[in-house]
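What the coordinates show
So the chains spell out like this:
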Amino acid sequence: MSATAAARKRGKPASGAGAGAGAGKRRRKADSAGDRGKSKGGGKMNEEISSDSESESLAPRKPEEEEEEELEETAQEKKLRLAKLYLEQLRQQEEEKAEARAFEEDQVAGRLKEDVLEQRGRLQKLVAKEIQAPASADIRVLRGHQLSITCLVVTPDDSAIFSAAKDCSIIKSSPPPPTAGSVESGRKLHVIPRAKKGAEGKPPGHSSHVLCMAISSDGKYLASGDRSKLILIWEAQSCQHLYTFTGHRDAVSGLAFRRGTHQLYSTSHDRSVKVWNVAENSYVETLFGHQDAVAALDALSRECCVTAGGRDGTVRVWKIPEESQLVFYGHQGSIDCIHLINEEHMVSGADDGSVALWGLSKKRPLALQREAHGLRGEPGLEQPFWISSVAALLNTDLVATGSHSSCVRLWQCGEGFRQLDLLCDIPLVGFINSLKFSSSGDFLVAGVGQEHRLGRWWRIKEARNSVCIIPLRRVPVPPAAGS
């Protein structure tokens, strides 16, 4: 008997394909029978179990494991993302620090460049074109002096104005607010009245016309000079008298502090220039050279000063350590006023009506504006208006001039200070005996009188003896097309 037959006889499945097929048929029958049995006797519970079985078959165990694996991968990715974010933040912080350092370096380099240009006298900030001509209603007037204003100064922080006049008094005032439409005219902070000659024990003051004033760059000291040959030193904050300097043999006509120091320069109708140390209450030296009464003086940071020589027709630069001087020629009349624009350039005015721009390296004017304020008088007998005051906004191209032509004029200095162009006229009646820009350049102060500060050649009755504050509003000029 064969092995297959024996197997059939014993009831065992035969090996091979036939046996496998038979076993598969028997299993399918058993499964179908079981299913029928369950459907008959399972009831409701079996239906629910069947439903669960379906859900289990739809969501098998394997996807849950994959989800856990995905969650684990997301955590790793989160760590990686946070690390990358932290590195990106560090990179951004380093870039910001580098930009800040570069910005600071640029600013420092810009300041150093400005300092170098300022020391060399070549710094020229272009602000003149931005100045908008003020309306007459915007000009504020400070009253208080009985006679013509002769000189004035503005404190370095622009918080106060000192004015002096032919009535021998000095008034400290606060400038009015720049609010449009404001009618407030500022207020008096202190008055130093006229001192009576020979009055012992009385408060100190001037007993003759005050012709000039100067204030130190730190705002600590105020100096004033008069026709009685005296220089009085005051504490600027309290207006308390500190010292009196004597030594000039004629009227003191010009004063200036060297910037950053308490060294004081003075000049006089006695033709001399004197040097003083105010902090030590001491006299230093005297320099001679002018051939006529000196009318005005100015100084900046260098150890030198410039003077207007009046009728001797010269402008002079005094080098104090070398005790030497440079002589400049250009005006045809008496040079009555002078002001430094920067360390290497200056502006002066004369009674021949001319305004000159100078460079300290050239003995002739770089620019000369004749009849700067026009002509006066009958046809055929015209005479130019005298230039009685000049001022310059430090290290810029903006210059102001005054006369008795019923206006203050603003000018723009051309490139290299080789040209002087008129910007605008500011109506102001009277002799403009003194002009000063504020340190910020926000306003210009004019000392107005019925008479010239040095004499009584004319009298303008309709003028008011006052200090006029002229606001200077700036309107940025749009860059030129293609620039």
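Read on for a plain summary of the structure. As the structure is a computational prediction, the values presented were derived from the model and not from experiment. (Residues numbered from 1 in each chain as written. Predicted model: local features only at pLDDT ≥ 70, side-chain atom pairs only at ≥ 80, totals over all residues. Heavy atoms only, no water.)

**Looking at the overall build of the chain**
Regarding its fold elements, the chain presents four helices and 32 strands. The contacts of the chain with a sequence gap of at least 6 include a subset with a gap of at least 24, amounting to 50%. Summing over all exposed atoms, the chain offers an accessible surface of approximately 26100 Å²; the carbon and sulfur share of this is 49%. (Helix = DSSP H or I, 4+ residues; strand = E, 2+ residues; numbered from the N terminus. Contact = heavy atoms within 4.5 Å. Areas by Shrake-Rupley, 256 points an atom, 1.4 Å probe, with all protein chains shown as cover.)

**So, the packing of aromatic side chains**
Overall, the coordinates contain seven aromatic pairs when judged by the stated rule. With centroids separated by 5.9 Å and ring planes inclined at 80°, the aromatic side chains of Phe328 and Trp358 adopt a geometry described as edge-to-face. Remark: Trp358 occurs in strand β21 (residues 355-359) and Phe328 occurs in strand β18 (residues 324-329); sequence separation between them is 30 residues. The pair Phe328 / Trp358 is uniform in exposure class, with both members buried. A centroid spacing of 6.2 Å and a plane angle of 25° characterise the contact between Phe431 and Trp458, whose relative ring orientation is stacked. Taken as a pair, Phe431 in strand β29 (residues 431-437) and Trp458 in the loop between β30 (443-449) and β31 (466-471) lie far apart in primary sequence, 27 residues in all. Feature note: the residues Tyr243, Phe245, Trp276 and Tyr283 constitute an aromatic cluster, connected by ring pairs. (Phe/Tyr/Trp six-rings, centres within 6.5 Å; stacked < 30°, edge-to-face > 60°. Buried < 20%, exposed > 50% of the residue type's maximum accessible area, 1.4 Å probe, protein only.)

**Quick look at empty space enclosed by the protein**
Going through the model one piece at a time under the given rule, you end up with two cavities of 30 Å³ or more. In this structure, the largest cavity spans a volume of roughly 50 Å³. Residue lining of the largest cavity: Leu142, Arg143, His145, Ile161, Ser163, Ile171, Ser173 and Val467, and that is the complete set. Those elements that provide at least two residues to the lining of the largest cavity are β4 (161-165) and β5 (170-174). For the lining of the largest cavity, the class distribution of residues is four nonpolar, three polar and one charged. (1 Å grid on protein atoms, 1.4 Å probe; cavity = no way out; pocket = protein on both sides within 12 Å on 5 of 7 lines; lining within 4 Å. Points joined across faces, edges and corners; volume = space filled by probe spheres on them. Nonpolar A, V, L, I, M, F, W, Y, C, P; charged D, E, K, R; others polar.)

**Quick look at the side chain of Gln412**
Along the polypeptide, Gln412 turns up in strand β27 (residues 407-413). Note on Gln412: relative accessible area 14%, which makes it buried. Beyond its immediate stretch of four places on either side in the chain, Gln412 contacts Ala128, Lys129, Asp397, Gln419, Leu420, Asp421 and Leu423.

**A short note on the nonpolar core**
By size, the foremost hydrophobic cluster in this structure holds 22 residues, and its most contacted members are Leu398, Leu410, Leu428, Leu435, Phe437 and Leu444. Contacts of Leu428, omitting those with residues within four sequence positions, involve Ile139, Ser406, Cys407, Val408, Ala446, Val448, Cys468 and Ile470. Of all hydrophobic cores here, the second largest spans 16 residues; its members include Leu366, Ala367, Val390 and Val399. (Core = buried A, V, L, I, M, F, W, Y, C linked by side-chain atoms within 4.5 Å.)

**Considerations on the environment of Ala133**
By secondary structure assignment, the location of Ala133 is in the loop between β1 (131-132) and β2 (140-142). Separated by 340 residues in sequence, Ala133 and Arg473 have C-alpha atoms that sit 7.7 Å apart.

**A look at the environment of Lys129**
When you line up the elements, Lys129 lands in the loop between α4 (61-120) and β1. For the pair Lys129 and Gln412, spaced 283 residues apart in sequence, the C-alpha to C-alpha distance is 7.5 Å.

**Concerning the pairing of strand β9 (residues 231-235)**
Taking burial as the measure, the five residues of β9 include four buried ones, the bulk of the element. In this sheet, β9 lies alongside strand β8 (residues 221-226) in antiparallel orientation, the contact comprising five bridges. Of the residues in β9, the one forming a bridge with Leu222 is Trp234. Two successive antiparallel strands, β8 and β9, enclose a turn made up of four residues, where Lys229 displays a positive phi of approximately 75°. Sheet analysis places β9 next to strand β10 (residues 240-245), joined by five bridges and oriented antiparallel. Residue Ile231 lies in a different strand from β10, and its bridge partner there is Phe245. (Pairing = 2+ DSSP bridges.)

**Quick look at the pairing of β21**
Where burial is concerned, most of β21 is hidden: five out of the five residues are buried. A two-sided burial pattern is seen for β21, the buried positions comprising Val355, Leu357 and Gly359 on one face and Ala356 and Trp358 on the other. In this structure, strand β20 (residues 345-350) lies alongside β21, joined through five bridges in antiparallel fashion. Directly across from Val347, in β21, lies its bridge partner Leu357.

**Quick notes on the sheet that holds β31**
On the basis of which strands lie adjacent, the open sheet formed by four strands has the order β2-β31-β30-β29 and antiparallel pairing. Lying at the two open borders of the sheet, with one neighbouring strand each, are β2 and β29. Between one strand axis and the next, the sheet turns by 25° as a mean value, whatever way the strands run. As paired strands, β29 and β30 are joined by six bridges and run antiparallel to one another. Directly across from Ser434, in β30, lies its bridge partner Gly447. (Axes fitted to C-alpha atoms, helices over the stretch in contact; angles between N-to-C directions.)

**Brief notes about the side chain of His290**
When you line up the elements, His290 lands in the loop between β14 (282-288) and β15 (296-298). Overall, the relative accessible area of 4% leaves His290 in the buried class. A polar side-chain atom of His290 sits 2.6 Å from a polar atom in the side chain of Thr307. One polar contact links His290 to Arg316, side chain to side chain, over a distance of 3.4 Å. The residues contacting His290, other than those within four sequence positions of it, are Arg271, Thr307, Ala308, Gly309, Asp312, Thr314, Arg316 and Trp318. (Polar contact = N/O pair within 3.5 Å; in protein donor to acceptor, adjacent residues only side chain to side chain.)

**Focus: the sheet that holds β18**
Taken in spatial order, the four strands of this open sheet run β15-β16-β17-β18, and their pairing is antiparallel. Among the strands making up the open sheet, the edge pair consists of β15 and β18. Neighbour-to-neighbour, the strand axes of this sheet turn through a mean angle of 20°, independent of strand direction. Here strand β16 (residues 304-308) runs beside strand β17 (residues 314-319); their pairing, made up of five bridges, is antiparallel. Within the sheet, the bridge partner assigned to Ala308 lies in β17 and is Val315.

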